[in-house]
Amino acid sequence: MNNTYNNAFPSSFRYKNVLEKGKPVHDKYDSFSLKHPAMDLSRRAKIFSPFDALKGFDDELAKMQTDVTDNYLDNTIHIDEAP
């Protein structure tokens, strides 16, 4: 591995030796690659695709923003200032 990281971290950096080892390289037919074949890109993309954890939350925020904007732009609603 190149020595790009030698100057990036102090000598006291805990995982410097792990970082310097780099990514392991496997042959196509070694025991690791046979047990753990590479995942195809379509399956890999599904793992990292975004998801909506709070279904409908974005829609409610957009609706609330529209309502608030409309209320403040409407001159019929007056907000009393504190004395």
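Residues numbered from 1 in each chain as written. Predicted model: local features only at pLDDT ≥ 70, side-chain atom pairs only at ≥ 80, totals over all residues. Heavy atoms only, no water.

(A) Fine view of the overall build of the protein chain. If you tally the helices and strands in the protein chain, you get four helices and zero strands. Reading the protein chain from its N terminus to its C terminus gives the helix and strand order α-α-α-α. With 83 residues in all, the protein chain has 2% of them scored as buried. For the protein chain, the exposed area adds up to about 8600 Å²; of that, 56% sits on carbon and sulfur atoms. (Helix = DSSP H or I, 4+ residues; strand = E, 2+ residues; numbered from the N terminus. Buried < 20%, exposed > 50% of the residue type's maximum accessible area, 1.4 Å probe, protein only. Areas by Shrake-Rupley, 256 points an atom, 1.4 Å probe, with all protein chains shown as cover.)

(B) Summary view of the side chain of Ser33. With respect to the element layout, Ser33 can be found in helix α2 (residues 31-35). Reaching out from Ser33, the side chain makes a polar contact with the backbone oxygen of Asp27 at a distance of 2.8 Å. Reaching out from Ser33, the side chain makes a polar contact with the side chain of Asp30 at a distance of 2.9 Å. (Polar contact = N/O pair within 3.5 Å; in protein donor to acceptor, adjacent residues only side chain to side chain.)

(C) View of a negative patch on the surface. Among the surface-exposed residues, Asp52, Asp58, Asp59 and Glu60 lie close enough to one another that they form a single negatively charged patch. By the element assignment, Asp52 lies in the loop between α3 (41-48) and α4 (57-73). Residue class for Asp52 comes out partly exposed when judged on its relative accessible area of 38%. (Patch = residues over 30% accessible without salt bridge, like charges linked within 9 Å, V, L, I, M, F, W, Y side chains within 5 Å. Salt bridge = Lys/Arg side-chain N within 4 Å of Asp/Glu carboxyl O. Lys, Arg positive; Asp, Glu negative; His and termini not counted. Charge placed at Lys NZ, Arg CZ, Asp CG, Glu CD.)

(D) Summary view of a nonpolar patch on the surface. On the surface, a cluster of nonpolar side chains totalling about 280 Å² of accessible area is made up of Phe13, Tyr15 and Val18. Along the chain, Val18 turns up in helix α1 (residues 16-21).

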